[in-house]
Amino acid sequence: MKFFSFWRSLASFRVRIALNLKNVPAEVIFVDLDANAHRDPEYRKVNPQMALPALVEDDGTTLFQSLAILEYLNEKYPSPPLLPADINGRARVRALALMVACEGHPLLTPRVRRYLDHELNLRDTQQAAWRRHWTVETLAALEGHLAGKDTGKFCHGDQPTLADICMVGHVTAAVTQQIDLKIYPTVKRIFETAMALPEFAKAHPLMQPDTPEAMRPKA
């Protein structure tokens, strides 16, 4: 199995967590987004969308889009489950994951940032305001939903699910922007609980082999 990844890619972050939780080995192939390696013909053959991540099975089956990959891994390797056993719980977990992966995160991606910069000529301060606005909007929505009765130690119950895998990436983006999490206490608590797990901690963007040395946490 080959896993095409980049340290800063939040979608790759999700798949790294799932691979760790499932204890599934994969050969990691680093695709440097900053060097436009995702636009190289070689990677374009893997994923014509030129987006990360991608997962290629030994038989050549190519998977793309992080949520589809997470669902695939959950079906192929059922333990530990990333979705609740009950139909209502599965719908809630998927909805929480989609809030991040399909509404919040797409507005923060490199291709959007490039458009804001190169096509709209927005100043750095305007681009920062854009990212902050959409990050905060998603945090507020998550906090509202997570205040419900089905929330436990994690987003749904007491085991990590797809919702936690997606949420931690969004919160990591918020932390990078120095957004104060105090007004999102449930989000903050669940984020800290999840990131205390080695499977989540090892997947963090700043802990990857291709993370620039200057970005790594100081010992």
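About the thresholds
- Residues numbered from 1 in each chain as written.
- Predicted model: local features only at pLDDT ≥ 70, side-chain atom pairs only at ≥ 80, totals over all residues.
- Heavy atoms only, no water.
- Helix = DSSP H or I, 4+ residues; strand = E, 2+ residues; numbered from the N terminus.
- Rg over C-alpha atoms; globule rule 2.2 N^0.38 Å.
- Buried < 20%, exposed > 50% of the residue type's maximum accessible area, 1.4 Å probe, protein only.
- Contact = heavy atoms within 4.5 Å.
- Areas by Shrake-Rupley, 256 points an atom, 1.4 Å probe, with all protein chains shown as cover.
- Lys, Arg positive; Asp, Glu negative; His and termini not counted.
- Charge placed at Lys NZ, Arg CZ, Asp CG, Glu CD.
- Polar contact = N/O pair within 3.5 Å; in protein donor to acceptor, adjacent residues only side chain to side chain.
- Phe/Tyr/Trp six-rings, centres within 6.5 Å; stacked < 30°, edge-to-face > 60°.

I tried to follow the overall build of the chain on my own but got confused; where do I start?
A count of helical and extended segments in the chain gives nine helices and four strands. The secondary structure elements of the chain, listed N-terminal to C-terminal, are β-α-β-α-β-β-α-α-α-α-α-α-α. Taking 219 residues into account, the globule formula puts the C-alpha radius of gyration at 17 Å, and the chain, at 17 Å, falls close to it. With respect to the principal axes defined by its C-alpha atoms, the chain has extents near 45 × 45 × 35 Å. Expressed as a percentage of its 219 residues, the buried residues of the chain come to 46%. In the chain, the proportion of contacts linking residues at least 24 apart, taken out of those at least 6 apart, comes to 66%. Summed over its atoms, the accessible surface of the chain is roughly 11,500 Å², and 56% of this surface lies on carbon and sulfur atoms. With 26 positive and 25 negative side-chain charges, the chain shows a separation of 3 Å between the mean positions of the two kinds.

What's the story with the side chain of Thr109 in this structure? I'm lost.
Here Thr109 lies in the loop between helix H4 (87–104) and helix H5 (110–119). Of note is the side chain of Thr109, whose polar atom sits 3.0 Å from the backbone oxygen of Pro106.

So what exactly am I meant to see when it comes to helix H3 (residues 66–76) here?
Side chains three or four residues apart in an α-helix point the same way, a direct result of the helix having 3.6 residues per turn. Every buried residue of H3 is listed here: Ser66, Leu67, Ile69, Leu70, Glu71, Leu73 and Asn74. Against the buried residues of H3 lie helix H1 (10–22), strand E3 (54–56), strand E4 (62–64), H4 and helix H7 (162–176).

Mind showing me how you'd approach the packing of aromatic side chains here?
Aromatic ring pairs: the centre-centre distance and the angle between the two ring planes describe each pair. Using the criterion set out here, one finds three aromatic pairs in the structure. Here Phe4 and Tyr43 contribute two aromatic rings whose centre-to-centre distance is 5.6 Å and whose plane-to-plane angle is 50 degrees, an arrangement assigned as tilted. Note that Phe4 is positioned in strand E1 (residues 2–5) and Tyr43 in helix H2 (residues 41–46), a separation of 39 residues in sequence. Neither residue differs from the other here; Phe4 and Tyr43 are each classed as buried. Summarising the aromatic geometry, the rings of Trp130 and Trp134 are spaced 5.9 Å apart at their centres and angled 70 degrees between planes, so their arrangement reads as edge-to-face. Highlighted residues: Trp130 and Trp134, both in helix H6 (residues 124–146), separated by four residues, approximately one helical turn.

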